[in-house]
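Coordinate analysis (summary)
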Amino acid sequence: MTPFPRQDYASLRIYDPGRRPVPVDLSDNTNLWGPNPGALARIRSASPDDVRCYPEVYADTLRAAVAERFGVSPDCVTTGAGSDDILDSAFRAVAGPGDTVAFPAPTFVMAAELALVNGMRPRPVPWRQALADPRTLLEGDPAVVYLCRPNNPTGSLAPGAWVERLLDLAGPNGPLVVLDEAYADFAGETLIGWAVERPKLLVARTCSKAYGLAGLRCGFAVARPEVALEVEKSRGPYKVSRLTAAAAAVAVRDAGGWSARTVTECLANRERLFRELVDRGLRPQESSANFILFAAPSGSAAEDAIALREQGVGVRPFQDIPELGDALRVTVAPWPLLERFLEAMDRRLAALEEISR
Ligand SMILES: *Cc1c(COP(=O)(O)O)cnc(C)c1O
């Protein structure tokens, strides 16, 4: 008898980020300034064929837009239904069941999830250890090293020189280094240029954050042509829908326009929010992304998140964050929304004060 589910799936749980509808949702780092207006206009002008016909087999129009924007050849570009799809496909292109996926932790939860779903073994290495010596990420010959820069959920930006050292140590016969740049627009720097020079570096981007297109599920990545080709094969044909590819291409080409303006406002609000959190003694972490991680005031992130949610504000709770313990991650948004968050937080702090008296 064939076991059902397959043995290594028995321990897997369905993904549940605990996201119920809430009036002010600052829990998922999407763009609260809205979607890229050009991309939305493209969706609104949909033709019958946009829906009736299959998309391009390998999203060539979108690949061309990405290639032009980042000054690389189109055969260096791969795409997917969200960058999660690209990470998944990239893992599968180079690693098989039983192989190791190493990453500095804490990081994006999907890195471990995707490793497990593919029968691979996640190998978290504490950030402090990884930063002190990148060789710690290469112990046990992983097939993949996943690196999130800026890192989710901490917001920190690993130094470029450190990434360079890791790539030198990994070498052409080592693991595929998957660099997740979901938040690079907010850091003002990218290592995409390295991806076409290094033999085994894939730099992944998403349309879900700065471009404001999370509902479309679209991501793209850059690597050397021989790496990009394997990821395309692993992901398979027809994965990016016609309207998604067309709208995403508009957003990619418009990077200096609307998205750049919302990023500028986001960075100003990030500084302002940081100071507000410092003033409340909440130990915010320096962030290069569109969110800030800070200490959970009660010591229980889950309880604080519920208390804020009851006031109509959603944030994301985390446990076991180095130097913080329980922590909350809040997405940087237009200031009136952050004001709602700060008001809710002040009521929470007052309630905790009351309890401790
Ligand atoms: C939000 C996020 C993504 C985006 O995933 P999509 O599948 O493109 O929506 C990727 N990586 C990280 C670290 C993220 O936080």
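Residue positions within a chain follow its written sequence, with the count starting from 1. Given that this is a predicted model, residues contribute local features only at a pLDDT of at least 70 and side-chain atom pairs are listed and counted only at 80 or more, while totals for whole chains, interfaces and linings are drawn from all residues. Excluded from the side-chain calculations are hydrogens and water; all other atoms, namely the structure's heavy atoms, are used.

So, the side chain of Asn-118
Counting through the fold element by element, Asn-118 comes out in the loop between α5 (109-117) and β4 (121-126). Residue classification places Asn-118 among the buried residues on the basis of a relative accessible area of 12%. For Asn-118, the side chain forms a polar contact with the side chain of Asp-88, separated by 2.8 Å. Pairs of N or O atoms within 3.5 Å make up the polar contacts considered here, provided that, within protein, one atom can donate a hydrogen while the other can accept it, and that residues adjacent in sequence are counted only when both atoms are side-chain atoms. In terms of polar contacts, Asn-118 uses its side chain to reach the side chain of Arg-92, at 3.3 Å. Secondary structure elements follow DSSP: runs of H or I no shorter than four residues count as helices, runs of E no shorter than two count as strands, and numbering proceeds from the N terminus. Exposure classes here rest on a 1.4 Å probe applied to the protein chains alone. A residue is buried below 20% of its type maximum, exposed above 50%, and partly exposed in between.

Comments concerning the site of the ligand
It suffices for a single heavy atom of a residue to lie within 4 Å of a molecule or strand for the residue to be listed as near it. Near the ligand there are 14 residues, and of these Ser-83, Tyr-183, Thr-206, Ser-208 and Lys-209 occur at the shortest range. A distance of 3.0 Å separates an oxygen atom of the ligand from a polar backbone atom of Asp-84. Thr-206 is positioned such that a nitrogen or oxygen atom in its side chain is 2.6 Å from an oxygen atom of the ligand. The protein chains hide 93% of the 390 Å² of surface that the ligand would expose on its own. The Shrake-Rupley method, run with a 1.4 Å probe, gives the accessible areas here. Residue values count only the displayed protein chains as cover.

Re the domain arrangement of the chain
Segmentation of the chain into domains, including their bounds, is taken from an automatic or database domain assignment. Entries for the chain in the domain assignment read domain 1 (18-32 + 258-356) and domain 2 (37-253). Here domain 1 and domain 2 have C-alpha centroids that lie 27 Å from each other. The criterion used for residue contact is that any of the two residues' heavy atoms lie within 4.5 Å. Contacts between the two partners involve 25 residues from domain 1, matched on the other side by 22 residues from domain 2. In terms of surface lost to domain 2, no three residues of domain 1 exceed Val-263, Ser-288 and Phe-291, which account for 27% of the buried area on that side. What counts as a salt bridge is simple: a side-chain nitrogen of Lys or Arg found within 4 Å of a carboxyl oxygen of Asp or Glu. Applying the counting rule to domain 1 against domain 2 returns 1 salt bridge. Note that Arg-128 is salt-bridged to Glu-323, the shortest N-O span being 3.1 Å. At the junction of domain 1 and domain 2, the tally comes to 7 residue pairs in polar contact (both at pLDDT 80 or more). Per-element accounting of the side of domain 1 that touches domain 2 gives the leading share, 7 residues, to helix α12 (residues 258-279). Under the grouping applied here, Gly and all other residues not named as nonpolar or charged are polar, the nonpolar ones being Ala, Val, Leu, Ile, Met, Phe, Trp, Tyr, Cys and Pro and the charged ones Asp, Glu, Lys and Arg. Taken together, the residues of the side of domain 1 that touches domain 2 break down into 10 nonpolar, 9 polar and 6 charged. What counts as buried area is the accessible surface, traced by a 1.4 Å probe, that two parts surrender upon association, with contributions from both included.

Describing the nonpolar core
Buried together is how nonpolar side chains tend to be arranged in soluble globular proteins. Nonpolar cores were defined as sets of buried Ala, Val, Leu, Ile, Met, Phe, Trp, Tyr and Cys residues, with membership established by side-chain atoms within 4.5 Å. Among the nonpolar cores identified, the biggest contains 76 residues, and Leu-62, Leu-273, Leu-328 and Phe-341 are the most heavily contacted of them. Here this core spans two domains, and each of domain 1 (18-32 + 258-356) and domain 2 (37-253) adds at least three residues to it. Discounting residues that sit within four places of it in the chain, Leu-62 has contacts with Thr-79, Cys-218, Val-240, Ala-245, Ala-248, Ala-249 and Val-252. By size, the runner-up hydrophobic cluster in this structure holds 26 residues, among which are Ala-95, Val-178, Ala-221 and Ala-223.

Brief notes about the sheet that holds β4
Strand order in the open sheet formed by 7 strands is β2-β8-β7-β6-β5-β3-β4, and the pairing between neighbours is mixed. At either end of the open sheet lies a strand with only one pairing partner, and these are β2 (77-80) and β4. For this sheet the average axis-to-axis angle between neighbouring strands, irrespective of direction, equals 25 degrees. Helix-sheet contacts for helix α3 (residues 60-70) involve β2, β7 (201-206) and β8 (219-222), and the interaxial angle to β2 is about 130 degrees. Angles shown run from 0 to 180 degrees and are taken between the N-to-C directions of axes, each axis being a line fitted to C-alpha atoms and, for helices, limited to the stretch in contact. Contacting β2, β3 (100-105), β5 (144-148), β6 (176-180), β7 and β8, helix α4 (residues 83-94) runs over the sheet at an angle of about 175 degrees to β6. Whether two strands pair depends on DSSP finding at least two bridges between them.

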